[in-house]
Amino acid sequence: MENREQWGSRIGLILAMAGNAVGLGNFLRFPVKAAQNGGGAFMIPYFVAFVLLAIPLMWIEWSIGRHGGKYKHGSLPGMFDSMWQHSISKYLGVFGLFVSTIIIIYYTYIESWTLGFSFFSITGEYFGIDDMTHMKSFLTSYQGAGEGHFTDIWPAYIFLLITMACNFYVLGKGITKGIEKFAKIAMPLLLFFGIFLTIWVFTIGTPDAANPENSVMSGFAFIWNPNFSELSNSKIWLEAAGQVFFTLSVGMGTLHAYASYLRKDNDIALSGLATASLNEFVEIVIGASIAIPIAVAFFGVDMTKVIAEAGSYDLGFVSMPIIFKQIPMGKIVGFMWFFLLFFAGITSSVAMAQPLISFLKEQFNFSHKKSTIIVGSLIFISVHLVVFFLKYGFLDEMDYWAGTFSLVIVALLEVIVFAWMFGMDNAWAELNHGSDIKIPRLFYYIIKYVTPIYLFFILIFWTIQEAVPTLLLDGVAEEAVPFRWLARGFLVAVFAALCYMVKIAWDRNGHKYDYRKETN
Amino acid sequence: MNELTIEGIIFVSLAWSSVTALVVFCFWKVMRGKRELKK
C-alpha cells in the first residue's frame, strides 16, 4: 500500500475543510430559510443549534477522522470499526460511504449548471429574456427537463464533462498537491467574489425611484426584522437545526475523510472551530446579503416571497439572471455570482469523492490513480441517470434519501459510536489531544447527552413530516412514479454493493487490524 | 415601506459581529500559534 498522505499546512487544511462546508446552501438555502422563518428571530434557534449541534458534530467528525487515520482508515466503515470493535460497526459506517457517494453523483450535475451559467453570463446568452417564466424555461430546457431556449441536452452535457474533469483532475493529484493546493486558490477567490458582490449589493440602493419600497434595505428588513411570535413554533427550531446541519456538511463522511490525513498529535479543536466559523461568516454575512436583498430591490417583497417559496434554484438560476441584465456590468457581475457558486460547489464535491477513493486505496490496495479512475468512472456512468431522468424527479429522490434523511442517520450513528461505544472519557481525551484551545467541560455533557437527543428529535420529526409522505410518493405525478422507484432501486443497489465491498475487505484484511497499534 | 427596525438592526449587528469575531479569534489563534502541522 502507498504511504498515506498528510496535509501540508494548517491553513490549507482549514481552507479545504471550509471549502467542503461552504456550498450552494450558504448562498441560496440560508437566506430563504431565514426569510421564511421569522427573519432575525430565526437567528436565535440557529445559534442555539450551532452551539448544541454544529460545533459538537464538527468536533466529533474531526476526532473520528483523526482517530481512524491513525489506523490508515479514511472512510467511516474502518473508522467506526477502530472505535467500536463489534462486527456490525463497519456496516454502520457504510452509511457514511453511501451518503457521500450518492450526493456527488447528482451534485456534480447541479455544479455544472453554475459553470454553464457563468459562461452564459459572459456571452449574454440569457440577456434577451425579460421575465421569469421565460427564464425558468431557459433553465429547464438547459437541464433537458423542458422545452425552451435549448433544443437538446448537449450544452449541459458539455459543462457536466468539464465539471467532472475539473473534479477528478484535482482528486487525481491527491491531498496535498490536489485538494489542498486547489483550496488555497479557490477559497480566497470565493471570499473575494462574495465580498465584492456584497459590497455591490449595497451600492444598488433603490433601483427604481418610482418604487421606493423596493430597495436593498427593504431586503435586509425582510431577512432580519425579527418576528418573535415565530419562536413559539417548533417548526422554526427544527428548520434552524436542519439548516445548521446542512451548511456544515456534517453527516456525510467527508470531514472524517479529510481529518484522517492529520497526524495523531495535530490540533483538531481550534481547526474545527475555525472551519465552522469561516463557514458561518460566509453564510450569515455574505450569503444573506446577496440573493434576497437584491431580489427584493428589483421584484419587491411579495414577489420575493413567491420566488423563495419556489425554492433555492429559482432564486439562484431564475431571478438573479433577470436582475443581471438590468444592471451596469451585468455580464461580469453575473459571471462572478455563478462562478462563486461553482467554487462553492467544487470545493464540496471533491470532498465527497474522497471517502470512496480512500476506501478503495486502503481496503483493496489500489493505487491512488486507479482508485480515482474507478470512482470517476462509476460517478460518470451513474450521473447519466440523473441527467436523463431529471424531469421525473430522479435527482429529488436521491437528494431526499441520501442528501437529507441519511445525513441525520449518519450523525446520530456517529455520535452514539463516539460518545457511547468508544466511551465519552476516551472520546473527550481524543478530542482534546494536541488541542490548541481549551474546550469548556460543558461540551463533554453536550456531546454525550444533548447532541444525540437533539438529533433523535430531528429524525423523528423528519420521519413523520417528510419521510413518510415522500415514501408514499404523495404529490408525485403518475408518469414519474416508475422513475422514483428506479431511483430507490439504484440507492438500495449502491448501499448493498458497498456493504458487500466492506464484507470482502474485512474478510481479506480484518485479521490485520489491531487497534492497540497506531500506524502513523 | 418595509424598513429595517431597531430590532432588525440589533439582530443583524449581533449576528455579523459575533461570527466575524469568532473568525478573527480562530484565525488569530491559528496564525500566532502553530501555523505548520506537527510532523
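This is a predicted model, so every value here is computed, not measured.

A. Region of interest: unusual backbone geometry. Residue and element names in this part refer to chain A. With phi around 55°, Met 329 is a residue other than glycine that occupies positive phi space. Residue placement: Met 329 occurs in the loop between α16 (312–324) and α17 (330–364). By relative accessible area, which is 55% here, Met 329 ends up exposed. The backbone of Asn 365 sits at a positive phi, close to 60°, despite the residue not being glycine. The residue Asn 365 is located in the loop between α17 and α18 (368–388) in this model.

B. Just the interface of chain B and chain A, in detail. On the chain A side, the residues contacting the 27 residues of chain B number 44 residues. Across the chain B to chain A interface the summed buried area is about 3,000 Å²; carbon plus sulfur atoms make up 73%. The interface formed by chain B and chain A includes three residue pairs in polar contact (both at pLDDT 80 or more). A breakdown of the residues in the side of chain B that touches chain A according to their chemical character gives 14 nonpolar, five polar and eight charged.

C. Geometry of the nonpolar core. Within the largest apolar cluster, 210 residues are counted, with the highest numbers of intra-cluster contacts made by Phe27(A), Ile102(A), Tyr109(A), Trp224(A), Phe324(A) and Trp337(A). If you tally residues by element for this core, the top one is α17(A), at 20 residues. Discounting chain neighbours no more than four positions away, the residues touching Trp224(A) are Gly39(A), Gly40(A), Met43(A), Ile284(A), Ala288(A), Leu4(B), Gly8(B), Phe11(B), Val12(B), Ala15(B) and Trp16(B).

D. View of the environment of Glu5(A). Residue and element names in this part refer to chain A. Tracing the backbone through its elements, the reader meets Glu 5 in the segment before α1 (10–21). Linking Glu 5 and Thr 176, residues 171 residues apart in sequence, is a C-alpha distance of 7.4 Å. The residues contacting Glu 5, other than those within four sequence positions of it, are Gly 174, Ile 175, Thr 176 and Tyr 261. Reaching out from Glu 5, the side chain makes a polar contact with the backbone nitrogen of Ile 175 at a distance of 2.8 Å.

E. Up close: the side chain of Asp267(A). All names here are of chain A. Here Asp 267 shows up in the loop between α13 (254–259) and α14 (269–286). On the basis of relative accessible area, Asp 267 is assigned to the buried category, the value being 6%. A distance of 2.7 Å separates the side chain of Asp 267 from the side chain of Arg 10, its partner in a polar contact. A polar contact of 3.1 Å, which involves the side chain of Asp 267, links it to the backbone nitrogen of Leu 270.

F. Structural detail: a nonpolar patch on the surface. Residues and elements named next belong to chain A. Among the surface-exposed residues, Ile 416, Trp 420, Met 421, Tyr 445, Tyr 449, Val 450, Ile 453 and Phe 457 lie close enough to one another that they form a single nonpolar patch of about 760 Å² accessible area. The set of elements that each furnish at least two residues to the nonpolar patch consists of α19 (394–421) and α21 (442–471). With five residues, the single largest contributor to the nonpolar patch is α21. Along the polypeptide, Ile 453 turns up in helix α21. Residue classification places Ile 453 among the partly exposed positions, given a relative accessible area of 47%.

G. A look at the confidence of the model for chain B. On average, chain B scores 86 in pLDDT, and the residues at 70 or more come to 82%. As a predicted assembly, this complex carries a pTM of 0.93 together with an ipTM value of 0.92.

H. Looking closely at the pattern of salt bridges. Residue and element names in this part refer to chain A. What the rule picks out here adds up to 13 salt bridges over all chains. The salt bridge partner of Asp 267 is Arg 10, with a shortest N-O separation of 2.7 Å. You can see Asp 267 sitting in the loop between α13 and α14 and its partner Arg 10 sitting in helix α1, a full 257 residues away along the chain. Asp 130 is paired through a salt bridge with Lys 325; the nearest N and O atoms lie 2.4 Å apart. Taken as a pair, Asp 130 in the loop between α7 (94–123) and α8 (132–143) and Lys 325 in the loop between α16 and α17 lie far apart in primary sequence, 195 residues in all. Residue Asp 130 is classed as exposed on the basis of its relative accessible area, which comes to 57%.

I. Here's a closer look at the side chain of Ser118(A). Residues and elements named next belong to chain A. Note on placement: Ser 118 falls in helix α7. Ser 118 sits in the buried class, given a relative accessible area of 2%. Side-chain polar atoms of Ser 118 contact the backbone nitrogen of Phe 339, separated by 3.3 Å. If near-sequence neighbours (up to four positions away) are discounted, Ser 118 is found in contact with Phe 335, Phe 338 and Phe 339.

J. Spatial organisation of helix α5 (residues 76–83) of chain A. Residues and elements named next belong to chain A. Burial within α5 is extensive, with eight of its eight residues counted as buried. For α5, the complete set of buried residues consists of Leu 76, Pro 77, Gly 78, Met 79, Phe 80, Asp 81, Ser 82 and Met 83. Residues of α5 that are buried in the fold lie against α4 (43–70), α6 (89–92), α7, α13, α19 and α22 (481–509).

K. Representation of the packing of α7(A) against α19(A) within the structure. Residues and elements named next belong to chain A. It is the contact of α7 with α19, at a shortest axis distance of 9 Å, that shows an interaxial angle of 145°. Both α7 and α19 take part in a crossing whose hand is left-handed. Where α7 approaches α19, its residues Phe 95, Gly 96, Phe 98, Val 99, Ile 102, Ile 103, Ile 105, Tyr 106 and Ile 110 are matched on the opposing element by Leu 395, Met 398, Asp 399, Ala 402, Gly 403, Ser 406, Leu 407, Ile 409, Val 410 and Leu 413. Of the residues in the contact of α7 with α19, the class split is 15 nonpolar, three polar and one charged.

Calculation rules
Residues numbered from 1 in each chain as written. Chains lettered and ligands numbered in written order. Predicted model: local features only at pLDDT ≥ 70, side-chain atom pairs only at ≥ 80, totals over all residues. Heavy atoms only, no water. Helix = DSSP H or I, 4+ residues; strand = E, 2+ residues; numbered from the N terminus. Buried < 20%, exposed > 50% of the residue type's maximum accessible area, 1.4 Å probe, protein only. Contact = heavy atoms within 4.5 Å. Buried area = accessible area lost by both parts, 1.4 Å probe. Polar contact = N/O pair within 3.5 Å; in protein donor to acceptor, adjacent residues only side chain to side chain. Nonpolar A, V, L, I, M, F, W, Y, C, P; charged D, E, K, R; others polar. Core = buried A, V, L, I, M, F, W, Y, C linked by side-chain atoms within 4.5 Å. Patch = residues over 30% accessible without salt bridge, like charges linked within 9 Å, V, L, I, M, F, W, Y side chains within 5 Å. Areas by Shrake-Rupley, 256 points an atom, 1.4 Å probe, with all protein chains shown as cover. Salt bridge = Lys/Arg side-chain N within 4 Å of Asp/Glu carboxyl O. pLDDT = per-residue confidence, 0-100. Axes fitted to C-alpha atoms, helices over the stretch in contact; angles between N-to-C directions. Left-handed = near helix turned anticlockwise from the far one by under 90°.

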